[in-house]
Amino acid sequence: MTRYKINIEYDGTTLIGWQINKDGVSVQSLLQDAIFKFCAQQTEVYAAGRTDAGVHALCMSAHFDLDKDTDAETVMRAMNFYLNDSPVSVLSCEKVSEDFHARFSCIKRYYKYIVINRNSPIVLEKNRAWWIPQKIDLEAMQKAGQQLLGQHDFTSFRSSQCQAKSPIKTLDTCSITKDGDRIIFEFSARSFLHHQVRNMVGTLVDIGLGKPYDIEKVFEAKNREAAGVNAPSCGLYFVKAEY
């Protein structure tokens, strides 16, 4: 048996997310189908993060095992051949040790979220960013964002469907910058709760629009209803995994 680590990019617009599901096409199902077409082997592909429907990835790491020891370049080319015309592409492939796990070996995950803040509706970045026509106070969001840093109980930023055993997470970085009409949120942590990034962005945007959220009180409430809106999935990108 040989274990392979791949890095992939994908456009999540038409996908139901990472996880394989009978309700539609997922990133995992596309990858596993491509592997099966290549070598007639059914194998499970494990990812560094399980993104939701509509979420994109710039460089998602994943791994899988094959019975036959095949050159990594050949595996990558074969997978891309069968992924042709799909919203998924394999960027790189390498052989790794059997103790490597895309999810459990990961020491840090990086996400970014893109907001387009302008009066005119977006066309070229539709389904790839959150369009907000109202004026946003960048400084207010940056100030509130700093309060998210460090270890906290993120229950108020957690989906009701989150299956994590503990709501305690440590947010290592939170950066909010503006480039023209683009507002870019960047976050990193060892791990995140389900919808945590989208709920943090939604709350920060609400603050930027003038809503009186106090981050410390939101943490203290330990109640999802105490935080802001859940930002749409279209603006969220899994950036990379660190090992």
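Look up a bit, the structure's there.
The shown structure was predicted, so the numbers you read here are calculated from the model rather than taken from an experiment. (Residues numbered from 1 in each chain as written. Predicted model: local features only at pLDDT ≥ 70, side-chain atom pairs only at ≥ 80, totals over all residues. Heavy atoms only, no water.)

*Asks:* Before we go on, may I ask you to explain helix 3 (residues 138-146) in this structure?
*Replies:* Each turn of an α-helix holds 3.6 residues, which means side chains three or four residues apart point in the same direction. Burial in helix 3 covers these residues: Met141, Ala144 and Gly145. For helix 3, the angular spread of buried residues about the axis comes to 105°, placing them on one side. With respect to the buried face of helix 3, the exposed residues turned more than 90 degrees away are Glu139 and Lys143. Looking at the buried side of helix 3, the elements it contacts are strand 8 (168-179), strand 9 (182-189), helix 4 (196-208) and helix 5 (215-221). A distance of 3.1 Å separates the backbone nitrogen of glutamate 139 from a side-chain oxygen at the start of helix 3, and that oxygen is part of aspartate 137. (Buried < 20%, exposed > 50% of the residue type's maximum accessible area, 1.4 Å probe, protein only. Helix = DSSP H or I, 4+ residues; strand = E, 2+ residues; numbered from the N terminus. Arc of directions from axis to C-beta. Contact = heavy atoms within 4.5 Å. Polar contact = N/O pair within 3.5 Å; in protein donor to acceptor, adjacent residues only side chain to side chain.)

*Asks:* Explanation requested: the nonpolar core in the structure shown.
*Replies:* The nonpolar side chains of a soluble globular protein tend to be buried with one another. Formed by 64 residues in total, the largest nonpolar core has its most connected members in Ile8, Leu31, Phe185 and Phe187. Here this core gets six residues from one element, more than from any other, and that element is helix 4. Excluding residues within four positions of it along the chain, phenylalanine 185 makes contact with Tyr111, Lys112, Tyr113, Val115, Met141, Ser175, Ile176, Val201, Leu204 and Val205. Residues Ile114, Ile122, Ala129 and Tyr237 belong to the second largest nonpolar core, which totals five residues. (Core = buried A, V, L, I, M, F, W, Y, C linked by side-chain atoms within 4.5 Å.)

*Asks:* Can you help me understand the pattern of salt bridges in this one?
*Replies:* Applying the stated rule across the entire model yields eleven salt bridges. Of the charged contacts in the structure, one is a salt bridge between lysine 222 and aspartate 153, with a shortest N-O distance of 3.9 Å. Taken as a pair, lysine 222 in the loop between helix 5 and strand 10 (236-242) and aspartate 153 in strand 7 (residues 150-153) lie far apart in primary sequence, 69 residues in all. Residue classification places aspartate 153 among the buried positions, given a relative accessible area of 18%. (Salt bridge = Lys/Arg side-chain N within 4 Å of Asp/Glu carboxyl O.)

*Asks:* How do you make sense of the packing of aromatic side chains when you look at a structure like this?
*Replies:* Here the distance between the centres and the angle between the planes together describe a pair of aromatic rings. As enumerated under the stated definition, the model contains nine aromatic pairs in all. Taking the centre distance of 5.7 Å and the plane angle of 20° together, the rings of tyrosine 4 and phenylalanine 64 count as stacked. A residue pair is termed long-range when its members are at least 10 positions apart, and tyrosine 4 in strand 1 (residues 2-10) and phenylalanine 64 in strand 3 (residues 56-66) qualify at 60 residues. Pair check on accessibility: tyrosine 4 and phenylalanine 64 agree, each one buried. With 5.6 Å between their ring centres and 65° between their planes, phenylalanine 157 and phenylalanine 219 make a pair best called edge-to-face. Of this pair, phenylalanine 157 sits in the loop between strand 7 and strand 8 while phenylalanine 219 sits in helix 5, placing them 62 residues apart in sequence. An aromatic cluster of three or more residues is present, and its members are Tyr111, Phe192 and Phe238. Lying over the aromatic face of tyrosine 237, lysine 112 brings its terminal NZ or CZ to 5.8 Å of the ring centre. (Phe/Tyr/Trp six-rings, centres within 6.5 Å; stacked < 30°, edge-to-face > 60°. Lys NZ or Arg CZ within 6 Å of the ring centre and 35° of its normal.)

*Asks:* Help me understand the environment of aspartate 214, please; the structure alone is not making it clear to me.
*Replies:* Mapping aspartate 214 onto the fold places it in the loop between helix 4 and helix 5. Considered as a pair, aspartate 214 and alanine 53 are 161 residues apart in the sequence and their alpha carbons are 30 Å apart.

*Asks:* Explain unusual backbone geometry to me, please; I cannot follow it from the model alone.
*Replies:* Excluding glycine, most residues fall at negative phi; most peptide bonds, likewise, are trans. At alanine 40, a residue that is not glycine, the phi angle is positive and equals roughly 60°. When you line up the elements, alanine 40 lands in the loop between helix 1 (27-39) and strand 2 (46-47). Given the relative accessible area of 60%, alanine 40 is considered exposed. At asparagine 127, a residue that is not glycine, the phi angle is positive and equals roughly 70°. Of note, asparagine 127 is situated in the loop between strand 5 (108-116) and strand 6 (130-131).

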